[in-house]
Amino acid sequence: MTNETKRVAFVTGGAQGIGKAICERLANDGLKIAVADFNLEAAKEVAEEIKNQGGEAIAVKVDVSDRDAVFAAVDTTVKELGGFDVIVNNAGLGPQTPLEDITYETYRKVYDVNVGGTYWGIQAAIKAFKELGHGGKIINASSQAGQVGNPGLAVYGGTKFAIRGITQTAAKDLAPLGITVNAYCPGIVKTPMMNGIAQQTADEAGKSFEWGMEQFAQNIALKRLSEPEDVAACVSYLASHDSDYMTGQALIIDGGMVFN
Ligand code: NAD
């Protein structure tokens with residue numbers, strides 16, 4: 001594949017965890033990557049790693065809850081990488097929020113990043129696709145917690161259910177433009193976000209971090225926690241032309257937790 005025909009993917013929250021694995025996987029698939037993250041230093045490291053492996057990548061600083069910043073980051077990507085074909089709205093916050101402790105600030109912050117970031121990413125991608133005169137692929141991060149209610153996650157779960165709804169609506173609205181919109185629903189993935197949730201669960205029970213992680217593995221049919229690469233493989237499919245006839249779907253990649 002020549003550089004001219006390489007497609008471009010913009011991945012939010014690409015500096016660590018699932019987003020980092022998605023950046024690496026899509027680079028291996030032959031796409032040029034914009035590693036878009038709040039944490040520019042870590043994003044630069046991921047971009048450097050991709051370049052060291054022979055891929056093409058840039059790091060872009062973005063706060064996905066800031067609409068103008070998302071549009072600017074997508075514009076930068078089009079200019080620097082010479083195209084725009086795939087957006088992965090992956091950045092998200094996942095705090096535990098016992099129902100009675102939910103504050104206005106927590107609710108606003110998590111919705112602004114998880115749901116707002118998805119709206120702004122979708123809008124910025126539509127603008128870029130229209131300007132470039134072609135369709136594209138929009139891929140959103142939902143969760144198994146966006147399929148069923150999880151204890152203690154009323155705010156996070158609400159955002160992830162919302163993202164599935166937005167994905168379905170956007171799929172119908174954007175089909176005439178040749179844009180497909182799908183979501184991925186990971187289970188329990190070994191990332192800094194999940195480590196934080198497991199540590200909090202362990203602390204509350206006065207147990208070890210390992211115990212905290214095990215509590216989440218119990219309900220997985222395949223009896224292991226997910227690696228970020230398991231999720232990246234699912235996103236690779238959604239970003240590829242193999243999924244061209246799929247839209248509005250939320251693929252569950254959770255080792256067998258939720259069965260629909
Ligand atoms: P993580 O916390 O390990 O990494 C998130 C990344 O997003 C970080 O690099 C962070 O800097 C960046 N980020 C956070 N807020 C941002 C903002 N406002 N603007 C730009 N970047 C921002 O998270 P993760 O576990 O890799 O999760 C990635 C996505 O997958 C999230 O949407 C999460 O809800 C979803 N998910 C994760 C799990 C899991 O078990 N880890 C399960 C289901 C769904």
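Residues numbered from 1 in each chain as written. Predicted model: local features only at pLDDT ≥ 70, side-chain atom pairs only at ≥ 80, totals over all residues. Heavy atoms only, no water.

Undergrad: Can you help me understand the overall build of the protein chain in this one?
TA: Of regular secondary structure, the protein chain possesses eight helices and seven strands. Relative to its length of 260 residues, the protein chain is compact, with a C-alpha radius of gyration of 18 Å against a globular reference of 18 Å. With respect to the three principal axes, the spread of C-alpha positions in the protein chain is 55 × 40 × 35 Å. Residues counted as buried form 50% of the 260 residues belonging to the protein chain. Once local pairs closer than 6 in sequence are excluded, the contacts in the protein chain between residues at least 24 apart make up 69%. The protein chain carries 22 positive and 31 negative side-chain charges, and their two centres are separated by 4 Å. (Helix = DSSP H or I, 4+ residues; strand = E, 2+ residues; numbered from the N terminus. Rg over C-alpha atoms; globule rule 2.2 N^0.38 Å. Buried < 20%, exposed > 50% of the residue type's maximum accessible area, 1.4 Å probe, protein only. Contact = heavy atoms within 4.5 Å. Lys, Arg positive; Asp, Glu negative; His and termini not counted. Charge placed at Lys NZ, Arg CZ, Asp CG, Glu CD.)

Undergrad: Any chance you could explain the site of the ligand here in plain terms?
TA: The environment of the ligand is formed by 28 residues, the closest being D37, N90, Y156, V189 and T191. In the environment of the ligand, a nitrogen atom lies 3.3 Å from a nitrogen or oxygen atom belonging to the backbone of F38. Here K160 contributes a side-chain N or O atom positioned 2.9 Å from an oxygen atom of the ligand. Protein chains shield 92% of the accessible area of the ligand, which is 840 Å² for the free molecule. (Near = heavy atom within 4 Å. Polar contact = N/O pair within 3.5 Å; in protein donor to acceptor, adjacent residues only side chain to side chain. Areas by Shrake-Rupley, 256 points an atom, 1.4 Å probe, with all protein chains shown as cover.)

Undergrad: Please explain the side chain of K137 as it appears in this structure.
TA: Tracing the backbone through its elements, the reader meets K137 in strand 5 (residues 136-141). For K137, a relative accessible area of 4% gives the class buried. A polar contact of 3.0 Å, which involves the side chain of K137, links it to the side chain of S243. Polar contacts involving the side chain of K137 include one to the side chain of D244, which spans 2.9 Å. Ignoring anything within four residues of it in the chain, the contact list for K137 reads R7, D85, V86, I87, F129, T180, L238, A239, S240, S243 and D244.

Undergrad: What is the right way to read the domain arrangement of the protein chain from this model?
TA: Many structure descriptions define interface size as the accessible area lost when the parts assemble. The assigned domain composition of the protein chain is domain 1 (8-187 + 227-253) and domain 2 (190-225). Taking only C-alpha atoms into account, the centre of domain 1 sits 25 Å from that of domain 2. If you look at the interface, domain 1 gives 11 residues, while domain 2 gives 11 residues. Around 840 Å² of area is buried between domain 1 and domain 2 when both sides are counted, 49% of it from carbon and sulfur atoms. When the area that domain 1 buries against domain 2 is broken down by residue, the three leading residues are G94, Q96 and E227, summing to 54%. (Domains from an automatic or database assignment. Buried area = accessible area lost by both parts, 1.4 Å probe.)

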